Amino acid sequence: MRFLCDQMLGTLAKWLRILGYDVYFANNLEDDEDILRRAEEEERVIITRDKYLVMRAKRRRIKVIEIESKDLDEQLKIVTSFFPIDRDAVLSRCSICNSLLVEIDKNEVKGKVPDRVYEIHDEFWYCKNCKKIYWKGSHWNKMKEKIDNLS
Ligand SMILES: [Zn+2]
């Protein structure tokens, strides 16, 4: 499922990407019209806190999820209740830029991740776009806990 998060929902956008959803995160230069047009062109479901934007989207028959809660867990619960998590897709996408991650050989990350991380982990993923390296560290455990709480 492809989403478009408005400017107010950066943390939610990041978490949805970690969970494997394709998320476009609107920047401050984009107004409502830009957001609506992108959602139409790229067939994205808009996620927003803005009631006015919800109204405009509905009028144009664009799918929209309205977020009222400020609590991240609540927000994730709402989105995943409409579009359930695909567990195979978890950790397949860069949380910063939304690109798909590729698995890389442990040898290739030597010196690029903290020594302690290199010692205790065998699986690494890489974002070709922003060069960030991912592994199933403490962040991963926190996320697994979140997923278990959601389902
Ligand atoms: Zn990236």
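Residues numbered from 1 in each chain as written. Predicted model: local features only at pLDDT ≥ 70, side-chain atom pairs only at ≥ 80, totals over all residues.

Participant: I'd like to hear about the overall build of the chain, residue by residue, with values.
Facilitator: Helices and strands together make up the secondary structure of the chain, namely seven helices and seven strands. Starting at the N terminus, the α and β elements of the chain follow one another as β-α-β-α-β-α-β-α-β-α-α-β-β-α. Based on the C-alpha atoms only, the size of the chain along its principal axes is roughly 55 × 30 × 25 Å. Taking all 151 residues of the chain together, 25% fall into the buried category. (Helix = DSSP H or I, 4+ residues; strand = E, 2+ residues; numbered from the N terminus. Buried ≥ 20, exposed ≤ 12 C-beta atoms within 10 Å, placed from the backbone.)

Participant: Give me the lowdown on the sheet that holds strand S5 (residues 102-104), citing residues and values where you can.
Facilitator: Here we have three strands laid out as an open sheet, ordered S5-S6-S7, and antiparallel in their pairing. For this open sheet the edge positions go to S5 and strand S7 (133-134), each flanked by a neighbour on one side alone. Inspection of the sheet shows strand S6 (residues 124-126) paired to S7 by two bridges, in the antiparallel sense. Its bridge partner being in S7, Tyr-126 is matched across the sheet by Ile-133. (Pairing = 2+ DSSP bridges.)

Participant: So what's going on with the sheet that holds strand S3 (residues 45-48)? Which residues, and what values?
Facilitator: If you trace the four strands from one edge of the open sheet to the other, you get S2-S1-S3-S4, paired in parallel fashion. Of all the strands in the sheet, the pair left with one neighbour each is strand S2 (22-25) and strand S4 (64-66). Across the sheet, the mean angle from the axis of one strand to that of its neighbour is 25°, orientation sign disregarded. Where strand S1 (residues 2-5) and S2 come together, four bridges link them in parallel fashion. Counted as the bridge partner of Leu-4 is Tyr-24 from S2. Against the sheet, helix H1 (residues 10-18) touches S1, S2 and S3, its axis set at about 155° to S2. (Axes fitted to C-alpha atoms, helices over the stretch in contact; angles between N-to-C directions. Contact = placed C-beta atoms within 7 Å.)

Participant: Before we move on, could you go through helix H7 (residues 138-150) and cite the residues and values that matter?
Facilitator: A rise of 1.5 Å per residue sets the reference length of H7, with its 13 residues, at 18 Å; its end C-alpha atoms lie 19 Å apart and thus fit the reference within 8%. Counting buried positions along H7 gives zero out of 13 residues, so the element sits mostly on the surface. (Expected span 1.5 Å × (residues − 1).)

Participant: Go over the packing of helix H4 (residues 72-82) against H7 with me, naming the residues and quoting the values.
Facilitator: H7 packs onto H4 with a crossing angle of 55° between their chain directions and a minimal axis gap of 10 Å. On the basis of their axis angle, the class for H4 and H7 is oblique. Like other packed secondary-structure pairs, H4 and H7 cross with a definite hand, here right-handed. Contact residues: H4 offers Asp-73, Leu-76, Lys-77 and Thr-80, while H7 offers Lys-146, Asn-149 and Leu-150. Per-class residue counts for the contact of H4 with H7 are two nonpolar, two polar and three charged. (Parallel < 35°, antiparallel > 145°, perpendicular 65-115°, else oblique. Left-handed = near helix turned anticlockwise from the far one by under 90°. Nonpolar A, V, L, I, M, F, W, Y, C, P; charged D, E, K, R; others polar.)

Participant: I'd like a description of the domain arrangement of the chain, backed by residues and values.
Facilitator: Under the domain assignment, the chain is made up of domain 1 (2-87) and domain 2 (102-150). Domain 1 and domain 2 are separated by 27 Å when their C-alpha centres are compared. Across the boundary between the two partners, domain 1 contributes six residues, which contact five residues of domain 2. With four residues, the single largest contributor to the side of domain 1 that touches domain 2 is H4. Its residues placed into classes, the side of domain 1 that touches domain 2 shows three nonpolar, one polar and two charged. (Domains from an automatic or database assignment.)

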